[in-house]
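Residue-level structural notes
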There are 2 protein chains.
Amino acid sequence: MSHESFNPPTRLLMGPGPINADPRVLRAMSAQLIGQYDPAMTACMNETQALYREVFRTQNDATLLIDGTSRAGIEAVLVSLIEPGDRVLVPVFGRFGHLLREIAERAGAEVHIIEVEWGEVFTPEQVETALRDVRPKVLAMVQGDTSTTMCQPLEAIGQICRDHDVLFYTDATASLAGNTLDTDAWQLDAVTAGLQKCLAGPSGSAPTTLSPRAVECIRARAHVEAGLVGNGYDGGRGERIRSNYFDLGMILDYWGEARLNHHTEATSMLYGARECARLLVNEGMEQAVARHALHGGALTEGLKAMGLALFGDQAHRMNNVVGIYIPDGVEGEVLRRTLLEDYAIEIGTSFGPLHGKIWRIGTMGYNARRDTVMTTLAALEQVLRQAGVNMTAGSGAGAAREFYQQNPERTHA
Amino acid sequence: MSHESFNPPTRLLMGPGPINADPRVLRAMSAQLIGQYDPAMTACMNETQALYREVFRTQNDATLLIDGTSRAGIEAVLVSLIEPGDRVLVPVFGRFGHLLREIAERAGAEVHIIEVEWGEVFTPEQVETALRDVRPKVLAMVQGDTSTTMCQPLEAIGQICRDHDVLFYTDATASLAGNTLDTDAWQLDAVTAGLQKCLAGPSGSAPTTLSPRAVECIRARAHVEAGLVGNGYDGGRGERIRSNYFDLGMILDYWGEARLNHHTEATSMLYGARECARLLVNEGMEQAVARHALHGGALTEGLKAMGLALFGDQAHRMNNVVGIYIPDGVEGEVLRRTLLEDYAIEIGTSFGPLHGKIWRIGTMGYNARRDTVMTTLAALEQVLRQAGVNMTAGSGAGAAREFYQQNPERTHA
C-alpha cells in the first residue's frame, strides 16, 4: 500500500489561535537547511535575536527562541528561575493562569494564587497586596488569556515588583503584537510567547526574553551546578535546574558567543520565527497593534449589531479575540460544525466555566484583515438565522463596513 | 530600515546531521495550517501515528510525536518513567550516553554508568552483569552514538531486561531508518528519535514509541497525580511527573481518544514528521536500511582507498556515518573550512576525546545518494592534496565507483 501526502483542507481559522500562517512565513520555512555552526546559521540566529528585541521592545541581550510550543517557553522560564521551595505568586484570571500555577508547582515551587472572576482582570493594588502577603521570589502572570479574552494591564506592576524585589514574568503568547507590550519600560524580567497567534506563524517555537536580573538568577544556579557531582544537591546553595532541555543557562550559552552544543536547532522553525519577527518589525510594532485593534473593533461592532452579547470587561479585552454569548436555544457545537462544513470557517469553543456558554472569535496575525472579518460576519449571519436567531439582514456586515469607513486603515510598506 | 528575508546559502550537508531535508518534506511543511480539533487534523495525527508504528516496527498504540528536538523526546521518556531516587543504568559509549546520564540525574534518578572506550560497544554480558549489580528500574542506552559512529547491538538486551524486570529505553535519534531497529521483536519499552538524521527532515519533532509496560508505569504515576492537591507529594506512593510539557501521561491523552488539550500542536512540524515517515514506509524500512548501507559502504571504500584510516570498531559502525582520522600535519578545522568555502560541502568535526583527531562524514536521509558520495570524495581529494596529503589521483572516487558496480542499487517505487 502506498501512502499519500497529507493535503489539508482549506480553512479560515477565526478562532483564538492557531490561525492561518502568513504565506511568507511558510515560504521562509521551506528553505533548505544549513549546518548548525555554519557562519550563515549563526548569523541567522543573531539576526533573529535582534528582530525579537524589537518585537519585545527590549534591550535584553538574552532574547532567544525555545524549541517547542509556547508552553515550552513558559516551562523553560519557570523551571530555570524556580528552585524547589521558592514561593511564586500567580494571579489567575483564566485557564492559562492555572497553567502557570501547575507548571510552577511541578518545578517544586510553593505556589500562591489570587483569583478574579473569568472576564475580569486585576488592579495593581490587588497584586501589590498579595505580593506583600506572599513575599514571593517570582510573580507569574498571563498578559492575554484567550480563555476569557481579557488583557491584564501590566504597566504599573513592574515597579511594584522592583519595590518588593520580585522577579516579574509574563506569558504573552496570546497578546504579543496584537496588544502593546513594552518589556523594558514595564520592567518585565521574563516574557515568553508563541508564533501561532498575532505573530502569524505555526506553533513550535517560543520567543523568550530575559532581563539582566533574570539572567543573574539563572547564572547563579549554573554556577552552583558547575561544582556538582552526582544528584545535584549541594547542601542549600540551590538545586540544579531540573531540566536539561529547558535549562536556560545552557540555552543562553547556545545562543551566545560560547555556542554551546546544547541541542540541534529546529532550523525550519527558526526560519519561520525569524520571518514572523521580520514582518512585524517591518510593519512596526505600533502599527501591528493598531491593525489588530482595527479589525478586532470592526468584528466586535458587527457582532453587537447582530444582537450578540459580548463576554467580559470590554475595557480590558484583547484586541485580537472576542467572546460572545451563544444565543438561547442555539446548540453551540452544532453551529460551529455548520460554519466549518458549509463555509470552512473555524471559530472557537471555550473552556471550563465558559464551556457551552460562549464562542470566541479571533482576528489575529495574518487573519487580522478586512476580508476575513466581513466574510466571517456574513457567514455567521447565515448560520445563526438557520439556527433560528432573528436579526436584521446585513446588520453585522453593515456595522463593520461603517466602522471601517470611520476608521480608515493605515497603509504600510 | 527594512529587513530582508533570510536566504540560506546552498550547502551539501555531509556531517553527522542535520543533513539536507528531502524537498518533499519541506513542501509538506509549507501546507497551510488547520485547527487543532478539525477532523482533518485529528485524522492526520492518527495517520502519523500509524506510519511511525511501521517506522519503529511496533504494534505500540502509544506511538506519537513530542514537540521539540530529539532531546525533548529523551527528556519526556526519562522524566515520565523516573521517580526521584529510582536507579537508572546507562552504558556509555560516547557523548550521548553522557547526555542520557545527565538528563536522568536531573529527573532525580540515582544513575549508575558503565563505560567502554570511545569506538567500542558493549556485549550483552557486560550489560547483564551491570544489571545484576545495579538492579535499576530503567536501562537507558543509545543505539547509534554519532560522537563515535558506533551502533550498539540491542537485539539480545531486551530479553535480559525482561528477565530482570527492567524497563528498556533506547535513543535511536542517529540510527533509526539507517540501521535495523525492531522495537517489538527486541522488546524495547521506549524508543525516541528525531527527524534530522536518516529521516530526512528538519530537527524539531521527536517521534516516540512506548510499550504497554512503559505506559502502565506512566499511567500509575498519573493515577497518583489525580488525587494530589498542592505540591505534588503523597507520602511515598510516587511523585508527580516533574514536567508539564514532558508529561507523557497527558501527551498520551492528547494523542489518544480523550484529545486532552495539552499543547497547541506544532502543525508544520507534524506535517513534516508525517512526510518523513510516509517516504520511509513507501520505500520500505528494510530497503531504507539497505540504501544507507550501500552509500555508507561506497563512501567508506572511497575513504580507505584514499589512504585514510577509519575510526573505531568497523564491525559495529552505523551505516550512516563514518569517522576518519585527520592525517598527520593537516589542520582539521582549516580543511573543513576550505571544503565549505570552495565546495559548499560540510563534514563534521568531533567532540570530547576525539576533538581534533577525527572528522565524521555522514550519508543519511536524503543525502544517502550516489552523487553526494562521489562529489564528497572528489572534493575531499582536492582539499587533502592542497593540505599536502599524498594519494593516487582518483583513488577515492574510483573505489566508490567500483563498490557501486559490485553492489547495484535496488530501485524502489
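Residues numbered from 1 in each chain as written. Chains lettered and ligands numbered in written order. Predicted model: local features only at pLDDT ≥ 70, side-chain atom pairs only at ≥ 80, totals over all residues. Heavy atoms only, no water.

What follows concerns the overall build of chain A. When its secondary structure is counted, chain A shows 13 helices and 13 strands. Relative to the compact-globule value of 22 Å for 413 residues, chain A shows a C-alpha radius of gyration of 22 Å, a close match. With 413 residues in all, chain A has 65% of them scored as buried. For chain A, the share of sequence-separated contacts (at least 6 apart) that also reach a separation of at least 24 residues comes to 71%. When the accessible surface of chain A is totalled, it reaches about 14500 Å², and 48% of it is carbon and sulfur. (Helix = DSSP H or I, 4+ residues; strand = E, 2+ residues; numbered from the N terminus. Rg over C-alpha atoms; globule rule 2.2 N^0.38 Å. Buried < 20%, exposed > 50% of the residue type's maximum accessible area, 1.4 Å probe, protein only. Contact = heavy atoms within 4.5 Å. Areas by Shrake-Rupley, 256 points an atom, 1.4 Å probe, with all protein chains shown as cover.)

What follows deals with the packing of aromatic side chains. Per the counting criterion, the structure on display carries 15 aromatic pairs over all chains. Ring geometry for Tyr254 of chain A against Trp255 of chain A: centres 6.1 Å apart, planes inclined by 80°, an arrangement best described as edge-to-face. Among the residues examined, Tyr254 of chain A registers a relative accessible area of 3% and is labelled buried. Put simply, the rings of Tyr245 and Phe246 of chain A together with Tyr245 and Phe246 of chain B touch in pairs and so form one group of aromatic residues. Arg369 of chain A extends its terminal NZ or CZ atom over the ring of Tyr366 of chain A, reaching a point 4.5 Å from the ring centre. Looking at Arg95 of chain B, its charged tip hangs above the ring of Phe351 of chain B, at a distance of 4.4 Å from the centre. (Phe/Tyr/Trp six-rings, centres within 6.5 Å; stacked < 30°, edge-to-face > 60°. Lys NZ or Arg CZ within 6 Å of the ring centre and 35° of its normal.)

A word on unusual backbone geometry. Here Gly17 of chain A and Pro18 of chain A are connected by a cis peptide whose omega angle stands at 0°. Positionally, Pro18 of chain A belongs in the loop between strand S1 (12-13) and helix H1 (23-29). Of note in this structure, Arg259 of chain A is not a glycine but carries a positive phi near 50°. With respect to the secondary-structure elements, Arg259 of chain A resides in the loop between helix H8 (248-255) and helix H9 (267-283). For Arg259 of chain A, a relative accessible area of 18% corresponds to the buried category. The phi angle at Gln187 of chain B is positive, at roughly 60°, despite the residue not being glycine. Residue placement: Gln187 of chain B occurs in the loop between strand S8 (167-171) and strand S9 (190-192). On the basis of relative accessibility, which here comes to 22%, the residue Gln187 of chain B falls in the partly exposed class.

What follows covers the relation of the copies chain A and chain B. Once chain A is rotated about the relating axis by 180° and shifted along it by 0.0 Å, it coincides with chain B to within an RMSD of 0.0 Å. Such a combination of turn and shift is consistent with a two-fold rotation axis. Closest to the rotation axis within chain A is the C-alpha of Gly68 of chain A, separated from it by 2.4 Å. Both copies contact each other with a shared surface, as 99% of the interface residues of chain A are interface residues in chain B too. (Least-squares fit on C-alpha atoms with pLDDT ≥ 70 in both.)

Right, let's talk about the side chain of Thr149 of chain A for a bit. Residue and element names in this part refer to chain A. Along the chain, the position of Thr149 falls in the loop between strand S6 (144-145) and strand S7 (150-151). Thr149 gets classed as buried once you look at its relative accessible area, which sits at 0%. Contact partners of Thr149, with chain neighbours within four places excluded, come to Phe311, His316, Arg317, Met318, Val321, Val322, Gly323 and Arg360.

Let's shift gears to the UniProt feature "domain: Aminotransferase class V" (unreviewed entry) in chain A. The sites that UniProt annotates as "domain: Aminotransferase class V" (unreviewed entry) are residues 40-204 of chain A. Along residues 40-204 of chain A, the helical share is 36% and the strand share 21%, with 22 Å between the first and last C-alpha atoms. (UniProt positions renumbered as here; feature names shortened; annotations may be inferred.)

Under the counting rule described, the total for this entry stands at 46 salt bridges over all chains. Among the ionic pairs, Arg274 of chain A bridges to Glu47 of chain A, the shortest N-O distance being 2.8 Å. On the criterion of sequence distance, the pair formed by Arg274 of chain A in helix H9 and Glu47 of chain A in helix H2 (residues 39-56) is long-range, its members being 227 residues apart. Close ionic contact of Glu333 of chain B with Arg336 of chain B constitutes a salt bridge, the shortest N to O distance being 2.7 Å. With Glu333 of chain B and Arg336 of chain B both in helix H11 (residues 332-343) and 3 residues apart, this pair spans about one turn of that helix. When its relative accessible area of 37% is taken as the criterion, Glu333 of chain B is described as partly exposed. On the basis of relative accessibility, which here comes to 19%, the residue Arg336 of chain B falls in the buried class. A single network of salt bridges, built from pairs that share partners, joins Arg101, Glu102, Glu105 and Arg106 of chain A together with Arg240 and Asp247 of chain B. (Salt bridge = Lys/Arg side-chain N within 4 Å of Asp/Glu carboxyl O.)

Residue and element names in this part refer to chain B. Pairing in this open sheet of 7 strands is mixed, and the strands run S2-S10-S9-S8-S5-S3-S4 from one edge to the other. Only two strands of the sheet have a single neighbouring strand rather than two, namely strand S2 (62-66) and strand S4 (110-115). The average undirected angle you get between the axes of adjacent strands in this sheet is 20°. Alignment of S2 against strand S10 (residues 206-210), held across 5 bridges, turns out to be antiparallel. For Ala62, the partnering residue across the bridge sits in S10 and is Leu210. (Pairing = 2+ DSSP bridges. Axes fitted to C-alpha atoms, helices over the stretch in contact; angles between N-to-C directions.)

On to the interface of chain A and chain B. Counting residues at the interface gives 83 residues for chain A, matched by 82 residues for chain B. A per-residue breakdown of the area chain A buries against chain B is headed by His3, Phe6 and Arg106 of chain A, which together make up 13% of the total. There are 8 salt bridges connecting chain A and chain B. Put simply, chain A and chain B have 44 residue pairs in polar contact (both at pLDDT 80 or more) between them. When residues of the side of chain A that touches chain B are traced back to their parent elements, those giving at least two are H1, H2, helix H3 (70-81), helix H4 (95-106), strand S4 (110-115) and H9 of chain A. (Buried area = accessible area lost by both parts, 1.4 Å probe. Polar contact = N/O pair within 3.5 Å; in protein donor to acceptor, adjacent residues only side chain to side chain.)

Residues and elements named next belong to chain A. You can read the domains of chain A as domain 1 (22-281) and domain 2 (285-406). The straight-line distance from the C-alpha centre of domain 1 to that of domain 2 is 31 Å. At the junction of the two partners, domain 1 supplies 28 residues and domain 2 supplies 24 residues. A combined buried area of about 2200 Å² lies between domain 1 and domain 2, and 67% of that area is made up of carbon and sulfur atoms. Where domain 1 packs against domain 2, one counts 1 salt bridge. (Domains from an automatic or database assignment.)

Residues and elements named next belong to chain A. Helix length check: H4, at 12 residues, gives a terminal C-alpha distance of 17 Å against a target of 16 Å (1.5 Å per residue), a fit within 8%. In terms of residue burial, H4 counts as a mostly covered element, since 10 of its 12 residues are buried. Regarding H4, the residues found buried are Arg95, Phe96, Gly97, Leu99, Leu100, Glu102, Ile103, Ala104, Glu105 and Arg106. (Expected span 1.5 Å × (residues − 1).)

In this section: the pairing of S10 of chain B. The buried fraction of S10 of chain B amounts to 5 of the 5 residues, a majority that puts the element mostly inside the structure. Residues of S10 of chain B alternate between two faces, with Ala206, Thr208 and Leu210 of chain B on one and Pro207 and Thr209 of chain B on the opposite face, all of them buried.

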